[in-house]
Amino acid sequence: MKNILLLCFTILFQPLYGQECFPPSWFIGLQHDSFQVIVNSPKIGQSSEWRSEDPALIIHSSKALSNSNYVLLNLAVTKDAKPGNITLSYKLGRKSKKLVYPLEAKPQTTGTALTQHDIVYLLMPDRFANGNPKNDYPKGLLEKRNSPDSAFGRHGGDLAGISQNLDYIQNLGMTTLWMNPVFENNEILESYHGYAITHHYKVDPRLGTLADYAALSDSLHARKMKLVKDMVFNHVGIHHSFFQDLIDSTWFHWWDGFQKTSYRAPTLLDPYASPSDKKVFQEGWFDRHMPDLNTENPAVRQYLYQSALWWALKFKLDGIRIDTYAYPDEDCMRGLLRYLNSELPALSIFAEVWDHGPGVQAYFAKGNQDHSGFSLIDFQLYFAIQRSFNETPGWTEGISSLYYTLAQDYLYPEGNARQMLTFIDNHDVARAYGAFGKDSLKMQGALKMMYLLRGIPSILYGTEQLQSGTGNDDTKRRPWLGGWPGQESPDFYEDSVTASLIRRLSHLRQHHVAFDDDAVQVQYIPQKGKYLFFRHKDGHGIALLCNTAADRQEFWLNEYPELYQALGHAEYDVMEAPGLKGIRTAVLGLYQNETVVLVW
């Protein structure tokens, strides 16, 4: 079966007659019957008399671009279309040519939306595990060698390594896998991270093949796990073929000299922002090797929309994470959400808005008319958890910043805050353990907060191993321990205090009714560094008690009326002390940075 799958992918994705199509195949049975195909072949822009040999595929128009090596076809499928290869004919000069284009049936089953019961494991494929050393040095790529000791070089991790460690990931309590982009990144330097895409329909050869990605998706779904794909709509890598053999000048933003973006998303909502500041933010390049796409161009939009849908359908994605969501044209991104939602209403979409202030973050949620499946990566909760343990408690400082952050959830559309992806570290920021000064109590408290508050928690690979890098990529993106020959087996780390805590919290998250969407959530104003948050449903609940003050603090449960009532006559378990039972008249004393979880 595996060999048959590999053969199918090999046949499907080979360019036919020297032609390459974007997308390489399309689907019947969609809500949108129209689609575009860009064909890349020498001088094909000079073609004419395009015809379909099957009436089920209609050619509305063919459009030449400024580069004669490309042509843009506007196509449509009828309700009578059936899966199979459709032959298109055209004239190039005096010669008659053909192009064979595959149509596929829309999958009968597609992805499943993420819920508050899910826990996401984020990993960087190049830095996780090397399961197939044979793909470490594929031919024809610009970056010629792996550099395992380099901050910015390839280390050799791949899809095979991830597949071989799914037991580990699932046993850690994870329900969902999110990987940094696996698209081809054929750059000279620093392409390991995946965000400088050079081909939107290929897996980077150093990571594996489309067949490997399909096999990983199937393995996850067989385990009842979910898959989130990381996608980029703002820019491409500078060695993308559309830039190197420039498809059309209107596809990119140009400046006199290099202009980097300002990274200031507030220019989009600031009532006093200068138009020039807004232009620099949206049209400046993310980096010198990342040309900025002109997402106001309808052809660019359609190209990006179809790429996202193609991956979501073909590999039954459960979610998409959108990198640099605020940077492209706003109307383009809203159109993307409508497009995806119309075809896959169960698809979860998480948008990265890395900026400061709940008001700025919430703007990008409220600005979308259809919020089905759409939410954000919650940087504001990340900042608040950091401040909770690293600042002295004050009126707005320390643990009070967490209180104020959650109190502003009213800014988001109804239900949106519950669906935000939360984290205490990710691939772009300092490792949490290092950011907390390698203080185990702070680390444990941060994990408990993330797990027990609203949102969908995510764990960065290596967090369970207490990786602690806080500097450049060399430290915060170090390889996962156990993924390379000669290293300790990952089992060596499974029984660590942090890994054990993650497993216990994950079990609660998956199975406790207090994480249902209709559960009641309550927080109390912090008092002298003390903070209490609880959630409950149908007589069952979970409470988080946290002391960030320098001295020991006592929690008298009868001083929290709603918690006291929710506890009723039920005994509660203290998660940190297995076998210890408590009642609502109890008093709990906590030292600095201690956190306790009550379960009933």
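Residues numbered from 1 in each chain as written. Predicted model: local features only at pLDDT ≥ 70, side-chain atom pairs only at ≥ 80, totals over all residues. Heavy atoms only, no water.

S.K.: Explain the overall build of the protein chain to me, please; I cannot follow it from the model alone.
M.R.: Check the secondary structure of the protein chain and you find 17 helices and 26 strands. The C-alpha atoms of the protein chain give a radius of gyration of 26 Å, which matches the 25 Å a tight globule of 600 residues would have. Each of the three principal axes of the protein chain carries a C-alpha extent, and together these read 90 × 60 × 50 Å. Per-residue burial for the protein chain yields a buried fraction of 58% across its 600 residues. Here the contacts in the protein chain between residues at least 6 apart in sequence split such that 73% fall between residues at least 24 apart. For the protein chain, the exposed surface amounts to about 24,600 Å²; the carbon and sulfur share of it is 51%. Considering the protein chain, the positive charge centre built from 56 side chains and the negative charge centre built from 66 side chains are found 5 Å apart. (Helix = DSSP H or I, 4+ residues; strand = E, 2+ residues; numbered from the N terminus. Rg over C-alpha atoms; globule rule 2.2 N^0.38 Å. Buried < 20%, exposed > 50% of the residue type's maximum accessible area, 1.4 Å probe, protein only. Contact = heavy atoms within 4.5 Å. Areas by Shrake-Rupley, 256 points an atom, 1.4 Å probe, with all protein chains shown as cover. Lys, Arg positive; Asp, Glu negative; His and termini not counted. Charge placed at Lys NZ, Arg CZ, Asp CG, Glu CD.)

S.K.: Where do I start with the environment of Ile-525 in this structure?
M.R.: Within the secondary structure, Ile-525 is located in the loop between strand E19 (520–523) and strand E20 (530–537). Judged by its relative accessible area of 52%, Ile-525 falls in the exposed class. On a C-alpha basis, the gap between Ile-525 and Phe-555 in space is 13 Å, while along the polypeptide they are 30 residues apart.

S.K.: I'm lost on a nonpolar patch on the surface in this one. Help?
M.R.: Together, Leu-142, Ile-188 and Leu-189 line one region of the surface with nonpolar side chains, adding up to about 280 Å² of accessible area. Along the chain, Leu-189 falls in the loop between strand E11 (183–184) and strand E12 (199–203). (Patch = residues over 30% accessible without salt bridge, like charges linked within 9 Å, V, L, I, M, F, W, Y side chains within 5 Å. Salt bridge = Lys/Arg side-chain N within 4 Å of Asp/Glu carboxyl O.)

S.K.: Hey, could you run me through the nonpolar core in this one?
M.R.: Soluble, globular proteins show a tendency: their nonpolar side chains are buried together. In this structure, Tyr-121 and Trp-311 are the most contacted members of the largest nonpolar core, which totals 167 residues. Element by element, the count of residues in this core is highest for helix H7 (residues 298–314), at eleven residues. Counting residues in hydrophobic clusters, the runner-up holds 19 residues, among them Phe-555, Leu-557, Leu-590 and Trp-600. (Core = buried A, V, L, I, M, F, W, Y, C linked by side-chain atoms within 4.5 Å.)

S.K.: Looking at this model, I keep getting lost on the packing of aromatic side chains. Mind explaining?
M.R.: The relation between two aromatic rings is expressed through the spacing of the ring centres and the mutual angle of the planes. Following the criterion strictly, the structure yields 44 aromatic pairs and no others. Judged by centre distance (6.2 Å) and plane angle (80 degrees), the rings of Tyr-121 and Phe-128 are edge-to-face. By the burial criterion, Tyr-121 is buried, and Phe-128 matches it. Between Phe-128 and Trp-480, the aromatic rings sit 4.2 Å apart at their centres with planes inclined by 20 degrees, giving stacked as the arrangement. With a gap of 352 residues between them, Phe-128 in the loop between strand E9 (120–123) and helix H2 (159–163) and Trp-480 in the loop between helix H14 (473–476) and helix H15 (491–494) connect regions that are remote in the sequence. With respect to burial, Phe-128 and Trp-480 carry one shared label: buried. Among the aromatic residues, those joined into a ring-pair cluster are Phe-22, Tyr-70, Phe-183, Tyr-201, Tyr-213, Phe-242, Trp-251, Tyr-303, Trp-310, Trp-311 and Phe-315. Sitting above the plane of the Tyr-461 ring, Arg-431 keeps its charged end 4.8 Å from the centroid. Cation over ring: Arg-584 sits above Tyr-564, and NZ or CZ is 4.1 Å from the ring centre. (Phe/Tyr/Trp six-rings, centres within 6.5 Å; stacked < 30°, edge-to-face > 60°. Lys NZ or Arg CZ within 6 Å of the ring centre and 35° of its normal.)

S.K.: Would you mind showing me how to read the side chain of Ser-458 here?
M.R.: For Ser-458, the location among the structural elements is in strand E18 (residues 456–460). For Ser-458, a relative accessible area of 4% corresponds to the buried category. The residues contacting Ser-458, other than those within four sequence positions of it, are Val-120, Leu-421, Thr-422, Phe-423 and Met-450.

S.K.: Looking at this structure, I do not really get the sheet that holds strand E26 (residues 594–599). What am I missing?
M.R.: Consider a sheet: its strands pair through backbone hydrogen bonds, and that pairing is either parallel or antiparallel. The six strands lie next to each other as E19-E20-E21-E26-E23-E24, forming an open sheet whose pairing is antiparallel. Across the chains shown, the open sheet's two edge strands, defined by having one partner strand only, are E19 and strand E24 (581–582). Looking at chain direction, strand E23 (residues 572–574) and E26 are connected through two bridges and run antiparallel. Looking at E26, one finds that Val-574 is bridged to Leu-598. (Pairing = 2+ DSSP bridges.)

S.K.: How should the sheet that holds strand E4 (residues 48–52) be read in this particular structure?
M.R.: As summarised here, the arrangement of the four strands in space is E2-E8-E7-E4, forming an open sheet in which the pairing is mixed. On the outer flanks of this sheet lie strand E2 (26–28) and E4, each paired with one strand and no other. Averaged over all pairs of adjacent strands, the angle between their axes in this sheet comes to 35 degrees, without regard to strand direction. Bridge count between E2 and strand E8 (residues 95–105): three bridges; the pairing is parallel. Residue pairing for E8: Trp-26 is matched across the bridge by Leu-103. This element, H7, spans E2 and E8 of the sheet and lies at about 65 degrees to E2. (Axes fitted to C-alpha atoms, helices over the stretch in contact; angles between N-to-C directions.)

S.K.: When you look at helix H10 (residues 379–390) in this model, what are you seeing that I'm missing?
M.R.: A turn of α-helix holds 3.6 residues, and therefore any two residues three or four places apart point the same way. In this model H10 runs 16 Å from its N-terminal to its C-terminal C-alpha over twelve residues, within 8% of the 16 Å that 1.5 Å per residue would give. By the criterion of burial, H10 is predominantly enclosed, with ten of the twelve residues buried. If you check the start of H10, you find a side-chain oxygen 3.3 Å away from the backbone N of Gln-380, and it comes from Asp-378. (Expected span 1.5 Å × (residues − 1). Polar contact = N/O pair within 3.5 Å; in protein donor to acceptor, adjacent residues only side chain to side chain.)

S.K.: Looking at this model, I keep getting lost on the environment of Tyr-560. Mind explaining?
M.R.: Tracing the backbone shows Tyr-560 in the loop between strand E22 (553–556) and helix H17 (561–567). Taking relative accessible area as the criterion, Tyr-560 reaches 9% and is therefore assigned buried. Contact partners of Tyr-560, with chain neighbours within four places excluded, come to Tyr-524, Lys-530, Leu-532 and Phe-555.

S.K.: For this particular structure, what's the right way to read unusual backbone geometry?
M.R.: In terms of backbone geometry, most residues other than glycine have negative phi values and most peptide bonds are trans. With an omega of 0 degrees, the peptide bond running from Phe-22 to Pro-23 counts as cis. One can find Pro-23 in the loop between strand E1 (20–22) and E2. Even without being glycine, Glu-190 reaches a positive phi, approximately 55 degrees. Relative to the helices and strands, Glu-190 resides in the loop between E11 and E12. Phi at Lys-316 takes a positive value of approximately 50 degrees, unusual for a residue other than glycine. Among the residues examined, Lys-316 registers a relative accessible area of 30% and is labelled partly exposed.

S.K.: In this structure, what is going on with the packing of helix H13 (residues 440–452) against helix H16 (residues 497–511)? I would like to understand it.
M.R.: Helix packing for two helices is described by the angle between their axes and how far apart those axes are. At a minimum axis distance of 10 Å, the contact between H13 and H16 shows a crossing angle of 15 degrees. Viewed along their axes, H13 and H16 adopt a mutual orientation that is roughly parallel. Every pair of crossing elements has a handedness; the one defined by H13 and H16 is right-handed. Touching Gln-444, Leu-447, Lys-448, Met-450, Tyr-451 and Leu-452 of H13 are Val-497, Thr-498, Leu-501, Ile-502, Leu-505, Ser-506 and Arg-509, all from H16. For the contact of H13 with H16, the per-class residue count stands at eight nonpolar, three polar and two charged. (Parallel < 35°, antiparallel > 145°, perpendicular 65-115°, else oblique. Left-handed = near helix turned anticlockwise from the far one by under 90°. Nonpolar A, V, L, I, M, F, W, Y, C, P; charged D, E, K, R; others polar.)

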